[in-house]
Amino acid sequence: MDHLETGRLGEALAERFFRDRGWTVLGRNVRVRGGEIDLVAMDGPELVVVEVRTRSIGKILPAEETVGPRKLKSLVRSGRIYVEKCRWKGPWRIDLLGINLDEEGHPHFSYLPDITVGRVQD
Amino acid sequence: MGPILGVTLKGIEAVPIDIEVEITGGLFVISVVGLPDAAVREARERVRAALRSNGIQLRGRIALNLAPADLPKVGSLLDLPMAVGLAMESGAVRVGETALFLGELAMDGRLRTTKGAVPAALLARKMGIPLFLPPGNAGEVALVKGVKAFAPPDLGSLLAHLRGESRVPPVTGSGSETEDAAVEPDLADIKGQAAAKRALEIAAAGHHNILLVGSPGSGKTLLARALRGILPPLSDEERLETLLVKSTLGIPAKPDRTRPYRVVHHTASAIALCGGGTTLRPGEISLAHRGVLFLDEFPEFHRDLLEALRQPLEDGIITVSRASGSVTYPARVLLVCACNPCPCGYWGDPVEPCRCSAHTLEKYRNRLSGPILDRIDLHVSVPRLTPEELVCLEGRQGPSSREIREKVTAARKIQQERWKAHGFGCNAEVPERLVRSGLCLSRKVRPFLAEAVRGLRISGRGISRVLKVARTIADLRGDLEVSVEDVCEALAYRGGGESR
């Protein structure tokens, strides 16, 4: 299983993960100018841009720790463009779902809501 | 004005701050406007975490405005009103009645003790609105009468209270006061020094400034420490004034009515003594308000420092003006100074010879400026004890601090009655223009005083000061009339100054 397959498996797992939480998934792999959003969903009144990170066993860092400041910045940018494009006026946020696969291929979820915690400025 | 108010401190006064919140759609961002300092800006992290631990998830673009916009907001005491404002705007609670909120938030929603509770309570009382504050500040606020204060332990119980789900009991002013602690050393335990003890008694009774001059080891510092034990207890009003100053610095209140006693080392800076600094805080002279400011090794203090004390000693207030604004702090202190008679310390000692040259002696004396000495009513020399006195085994000498304190308290009561109409509490506070009206001199005093003024060359202010001390001496006796003997004794305490 190469890393692209791992990624696709992760996104499928993520979609199920959020559906189970009662969210409405709006889209997967949404392309926006200059980037891609792994998953867009509605959590009640709030729109959520989700970054899914999947890693198979053997990697040094757990999946959720591979998002650095640069990725965060591009997520905020992509999110803003998406929200603008679909004319969403309500609140939105960025969540991160880390999926670590163990030796048998079982996923371990590590869900981090609202990764910008109000610190991003214009 | 909105329903949610916080405060920021301006000197010892609390200024109401209107908290306005706007939440719109967008990526979750909290921005705080209205000249917040670093502590206020950082409040958003604490507020967000505290709200979340109470089940309130903030979302969208959040703008917090702290009005008036041009007044700088300082400190963590705005955490709570910001949290309540956010809770209300996100629909978790409704605040109908305008209220004042004060407190720092822990991440889990507990309320931490902050400074500024007493000024805030006075403001709440003036505005006639309830005050919500941390439980750690309840004790001091209980002393402010007529304020409706509540001290919820955490944000959760405050929100429940505002929703009307469960009530937080109001703060009541009971049981927080303890008997005044006995002070070591007791005057009766100090050997000899009857004259100095008498002078301390007068100083305590009339709140007169006092200078103790004596050789090394003669007991100046010990006597000054013993003064604490004979000062009359603080009245309710005075206690509130001392609390007010302490509260602006976040110093916890004492549970009893003993007066403040601040010892200042001679390396202190002018700002430490008089107040100031970038955030404008009160100095030692204000912390000693209604109590004692003790300057040991008086001539070692920087000249500028002593000169800076002149005006507050006269007016009982100190106005600190800086680029960031000017504030007035109370500074009604009983100044106690101790010094050696000369650099080597043995000038005038019956046994040890003084080794100072006339020049060094002159230089030392010049360090004590005339104007500052003129503001000290009682000049007392504290001689070294004779060998006989030193080996005296008899335990106690003279009345105990407790007995003297009772006498002093009685004398202070007489003074309060006398000057009540003018709003003064003791003889030393009374301004020159009023002194002569309330003195009640015996008929023999006037001719005697005229003679003394001629002989001793006393200034106008000097006469007023002598008469005030004489009035206190008569009060200690419980006498309505000031006798010639009282004036005589008062004159005897008048050293240095311009008369020499």
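Further up the page is the structure itself.
In this report, we go over the structure that sits alongside the text. (Residues numbered from 1 in each chain as written. Chains lettered and ligands numbered in written order. Predicted model: local features only at pLDDT ≥ 70, side-chain atom pairs only at ≥ 80, totals over all residues.)

1. Comments concerning the overall build of chain A
Each helix and strand in chain A was counted, giving two helices and five strands. The order of α-helices and β-strands along chain A, N terminus first, is α-β-β-β-α-β-β. Along the first, second and third principal axes, the C-alpha atoms of chain A reach 45 × 30 × 25 Å. For chain A, the proportion of its 122 residues judged to be buried stands at 29%. Once local pairs closer than 6 in sequence are excluded, the contacts in chain A between residues at least 24 apart make up 56%. (Helix = DSSP H or I, 4+ residues; strand = E, 2+ residues; numbered from the N terminus. Buried ≥ 20, exposed ≤ 12 C-beta atoms within 10 Å, placed from the backbone. Contact = placed C-beta atoms within 7 Å.)

2. Thoughts on the sheet that holds strand 5 (residues 61–67) of chain B
All names here are of chain B. An order of 4-5-2-1-6-9-10 is seen for the seven strands of this open sheet, with the pairing classed as mixed. The open sheet has two free edges, formed respectively by strand 4 (29–33) and strand 10 (149–150), since each of these has just one partner strand. When strand 6 (residues 99–101) meets strand 9 (residues 131–132), the two strands line up parallel, connected through two bridges. By the bridge assignment for strand 9, Phe 101 is matched with Phe 132. Strand contacts of helix 2 (residues 79–89): strand 1 (4–10), strand 2 (13–24), strand 5, strand 6 and strand 9, with the helix running at about 30 degrees to strand 2, the strand carrying the most contacts. (Pairing = 2+ DSSP bridges. Axes fitted to C-alpha atoms, helices over the stretch in contact; angles between N-to-C directions.)

3. Considering the pairing of strand 16 (residues 317–322) of chain B
Side-chain positions along a regular strand alternate between the two faces of the sheet. Residue and element names in this part refer to chain B. Bridge analysis of strand 16 against strand 17 (residues 325–330) gives six bridges, and the strand direction is antiparallel. Looking across to strand 17, one finds that Ser 321 is bridged to Ser 326. Counted along the chain from strand 16 to the antiparallel partner strand 17, the turn is two residues long.

4. Thoughts on the packing of helix 18 (residues 460–477) of chain B against helix 19 (residues 484–492) of chain B
All names here are of chain B. Remark: helix 18 packs on helix 19, axes separated minimally by 8 Å, with the N-to-C direction vectors making an angle of 125 degrees. One element, helix 18, and the other, helix 19, form an angle in the oblique class. Once helix 18 is placed against helix 19, the crossing between them reads as right-handed. Touching Val 466, Val 469, Ala 470, Ile 473 and Ala 474 of helix 18 are Asp 486, Val 487, Glu 489, Ala 490 and Leu 491, all from helix 19. Class assignment for the residues of the contact of helix 18 with helix 19 results in eight nonpolar, no polar and two charged. (Parallel < 35°, antiparallel > 145°, perpendicular 65-115°, else oblique. Left-handed = near helix turned anticlockwise from the far one by under 90°. Nonpolar A, V, L, I, M, F, W, Y, C, P; charged D, E, K, R; others polar.)

Purely geometric numbers; function is a separate question.
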